[in-house]
Amino acid sequence: FYECSYNHTDGLKYEILTDDKGVYSLYLYNKRVRHIVENHDPDTPLFLYLPMQSVHSDYFAPKKYYDCTDSPRCTMQAMLKAAEELLTDVIQYFKDAGMWNNTL
């Protein structure tokens, strides 16, 4: 996670706000979403925007998601598998928090 700022003299500056450098981004998103949902009052509306990077460059996924390794299609498949795992977890977090039946 980053804190970004821009000004005309210095351009874009950012500071990394996490010690999780080198961690696959979907794992960070999973951790953050879980924290948000678990600490949210289920009686209060929640808007959660989750822009996954999984099928954008750099084309990479952790090895556990690969069923094959012989083509770029295998990498895309692995990236989608990782995204599916994240969405499955997010759904479960909402269910565990009692918020799933009131989710669009």
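Residues numbered from 1 in each chain as written. Predicted model: local features only at pLDDT ≥ 70, side-chain atom pairs only at ≥ 80, totals over all residues. Heavy atoms only, no water.

**Description of the overall build of the chain**
In step 1: Across its full length, the chain holds two helices and two strands.
In step 2: Mapped from its N terminus to its C terminus, the chain presents α and β elements in the order β-β-α-α.
In step 3: Within the chain, contacts between residues separated by at least 24 positions form 46% of all contacts whose residues are at least 6 apart in sequence.
In step 4: With an accessible surface of roughly 8,200 Å², the chain has 51% of that area assigned to carbon and sulfur atoms. (Helix = DSSP H or I, 4+ residues; strand = E, 2+ residues; numbered from the N terminus. Contact = heavy atoms within 4.5 Å. Areas by Shrake-Rupley, 256 points an atom, 1.4 Å probe, with all protein chains shown as cover.)

**Description of helix 1 (residues 25-38)**
In step 1: The end-to-end C-alpha distance of helix 1 is 20 Å, a good match for the 20 Å that 14 residues give at a rise of 1.5 Å each.
In step 2: Buried within helix 1 are the following residues: Ser-25, Leu-26, Leu-28, Tyr-29, Asn-30, Val-33 and Val-37. (Expected span 1.5 Å × (residues − 1). Buried < 20%, exposed > 50% of the residue type's maximum accessible area, 1.4 Å probe, protein only.)

**Focus: the state of the cysteines**
In step 1: Counting across every chain of the model gives one disulfide.
In step 2: Note on cysteine connectivity: Cys-68 is disulfide-linked to Cys-74, with sulfurs 2.0 Å apart. Linking Cys-68 and Cys-74, the disulfide has an S-S dihedral of approximately -115° and is accordingly described as left-handed.
In step 3: A residue is classified by how much of its surface remains accessible, and Cys-68, at 24% relative accessible area, is partly exposed. (Disulfide = S-S within 2.5 Å.)

**What about the nonpolar core?**
In step 1: One finds Tyr-24, Leu-26 and Val-37 to be the most contacted residues of the largest nonpolar core, which totals 16 residues.
In step 2: The leading source of residues in this core is helix 2 (residues 72-96), at eight residues.
In step 3: Not counting residues within four places of it along the chain, the set of residues in contact with Val-37 comprises Leu-46, Tyr-93, Phe-94, Ala-97 and Met-99. (Core = buried A, V, L, I, M, F, W, Y, C linked by side-chain atoms within 4.5 Å.)

**So, the confidence of the model for the chain**
Detailed reading of the predicted coordinates is not advisable wherever pLDDT falls low.
In step 1: Summing up the model confidence of the chain, the mean pLDDT is 85 and the portion of residues at 70 or higher is 81%.
In step 2: Per-element averaging of pLDDT across the chain places strand 1 (residues 2-7) at the bottom with 55 and helix 2 at the top with 95. (pLDDT = per-residue confidence, 0-100.)

**Comments concerning the pattern of salt bridges**
In step 1: Evaluation of the coordinates by the stated rule reveals three salt bridges.
In step 2: Residues Arg-34 and Glu-38 are paired through a salt bridge, measuring 2.9 Å at the closest nitrogen-oxygen approach. Remark: Glu-38 and Arg-34 occur in helix 1; sequence separation between them is four residues, near one turn of the helix. (Salt bridge = Lys/Arg side-chain N within 4 Å of Asp/Glu carboxyl O.)

**What to know about the packing of helix 1 against helix 2**
In step 1: Interhelical geometry of helix 1 versus helix 2 gives an angle of 5° and a closest axis separation of 10 Å. One element, helix 1, and the other, helix 2, form an angle in the roughly parallel class. Between helix 1, through Leu-26, Tyr-27, Tyr-29, Asn-30, Val-33, Arg-34 and Val-37, and helix 2, the contact on the second element is made entirely by Ala-82, Ala-83, Glu-85, Leu-86, Asp-89, Val-90, Tyr-93 and Phe-94. (Axes fitted to C-alpha atoms, helices over the stretch in contact; angles between N-to-C directions. Parallel < 35°, antiparallel > 145°, perpendicular 65-115°, else oblique.)

**As for the packing of aromatic side chains**
In step 1: Scanning the model with the defined rule gives two aromatic pairs in all.
In step 2: Taking 5.7 Å as the distance between ring centres and 70° as the angle between the ring planes, the aromatic pair formed by Tyr-24 and Tyr-27 counts as edge-to-face.
In step 3: Overall, the relative accessible area of 12% leaves Tyr-24 in the buried class.
In step 4: Centre to centre, the rings of Tyr-24 and Phe-60 are 5.8 Å apart; their planes meet at 75°, and the pair counts as edge-to-face. One end of the pair, Tyr-24, is in the loop between strand 2 (11-16) and helix 1; the other, Phe-60, is in the loop between helix 1 and helix 2, with 36 residues separating them in the sequence. (Phe/Tyr/Trp six-rings, centres within 6.5 Å; stacked < 30°, edge-to-face > 60°.)

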